[in-house]
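# Tertiary structure, described
Spelled out, the chains give:
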Amino acid sequence: MDPVVIPILVAAVVVVFLVASAVRIVPQARRYNIERFGRYRRTLQPGLNLVLPVADRVNTKLDVREQVYSSDPRPVITEDNLVVNIDTVLYYQITDPRAAAYEVADYLHAIDQLTVTTLRNVIGSMDLEETLTSREEINSRLRAVLDDATGKWGIRVNRVEIKAIDPPHTIKEAMEKQMRAERDKRAAILHAEGERQAKILTAEGTKQKDILEAQGTQQAMILRADGEAKAVELVFQAVHRNNADPKILAYKYLETLPHLASSDNNTFWVIPGELTEAVRTVTRAFGDQSTAGPPPTAQPEEAATADDTPAEGRTPELDAGWSASLDAAAAADEAGKQAAAAVSDAKAEAEAAKSPQVPRRAQTSDD
């Protein structure tokens, strides 16, 4: 081989090496920190970059995209002295590659320790129940503290989330019992409310039913009373329209007296006070007839006896009309005796119906 070719080849290899060392291609969303003789020089941006061979070298390669960091569960003591394990999820992004490389040795470890410290400070001022229900507040306070501390490191904390809060096993059992008791309580309350509503509806239905039945009974009684009133009115109009004789009315009244004792259950009899009025009506009727005929011939002794001793069954109303003729008085006495006999017959029939062993006493007629 020609001795001149060897130096040329060596020079070519050196040139290629120097050119390759001077060219740096940076991918998108990456940042390279360049040091010259051990000192920070600049940060290479995405694309083709030229550096000084041998003097410049790439110190750190950083990813400026948003990244996720999940920490391990850490024990934290609450205000009510309960130990809970809390693990968090951190979303961060590098905004200054130089500060991220030279301001802190290990930014992930620093962020993790700062998160645990801040979390213990925040949870230490809350009890267990407040810790379980105040995740949004804890996240906001963590993000505020981390964002303020990591700003000088060239890192922006976008979001901090609590992934899990694990209380002790005994506390979990107690919480489960409490939740079960709360559910049983709500179920009992709902069941009681249902029964209450059912009873209220039943009572309202019974009330409406009673009201409707009462209204129906009222309407029926009103209609029945209207019917009876119309019937009485029709009978009254018929009697007055036909101009019934008072003698007929009095006779019908006396005719109904024996029916008062027709029932087997009667133990006493009530004689209406209108009996004397009926007897007087009959007396007046017969008195009018006797006045129209010839005057009767009566013995003075009988007249005196009748005047001194009132006959049995005579009423004060008959004494008031004693100024009539003797035939009228005799007719009145006869009517009274017939009424008394009718009542006696009714009593005898009632007693005979109650005690059939005793023979009925023969009635004597005053005729």
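### Overview of the pattern of salt bridges
Following the criterion strictly, the structure yields 8 salt bridges and no others. When the shortest N-O distance is used, the salt bridge between R30 and D63 registers 3.5 Å. Highlighted residues: R30 in strand 2 (residues 30-36) and D63 in strand 5 (residues 56-63), separated in sequence by 33 residues. Judged by relative accessible area, R30 falls into the partly exposed class, the value being 27%. For D87, the salt bridge goes to K163, with nearest N and O atoms at 3.7 Å.

### Quick word on a negative patch on the surface
Taken together, E79, D80, E129, E130 and E137 make up a surface patch of like negative charges. Mapped onto the fold, E130 is located in helix 4 (residues 128-133).

### Concerning the sheet that holds strand 2
Taking strand neighbours across the sheet as the criterion, the 3 strands line up as 3-2-5 in an open arrangement whose pairing is antiparallel. Because the sheet does not close on itself, it has two edges, and the strands there are strand 3 (39-44) and strand 5. Each neighbouring strand pair of the sheet contributes to a mean axis angle of 25°, computed without reference to strand direction. Summarising the sheet, strand 2 and strand 3 pair through 5 bridges and their orientation is antiparallel. If you follow R36 over to strand 3, its bridge partner there is R39.

Rules behind the numbers
- Residues numbered from 1 in each chain as written.
- Predicted model: local features only at pLDDT ≥ 70, side-chain atom pairs only at ≥ 80, totals over all residues.
- Heavy atoms only, no water.
- Salt bridge = Lys/Arg side-chain N within 4 Å of Asp/Glu carboxyl O.
- Helix = DSSP H or I, 4+ residues; strand = E, 2+ residues; numbered from the N terminus.
- Buried < 20%, exposed > 50% of the residue type's maximum accessible area, 1.4 Å probe, protein only.
- Patch = residues over 30% accessible without salt bridge, like charges linked within 9 Å, V, L, I, M, F, W, Y side chains within 5 Å.
- Areas by Shrake-Rupley, 256 points an atom, 1.4 Å probe, with all protein chains shown as cover.
- Lys, Arg positive; Asp, Glu negative; His and termini not counted.
- Charge placed at Lys NZ, Arg CZ, Asp CG, Glu CD.
- Pairing = 2+ DSSP bridges.
- Axes fitted to C-alpha atoms, helices over the stretch in contact; angles between N-to-C directions.

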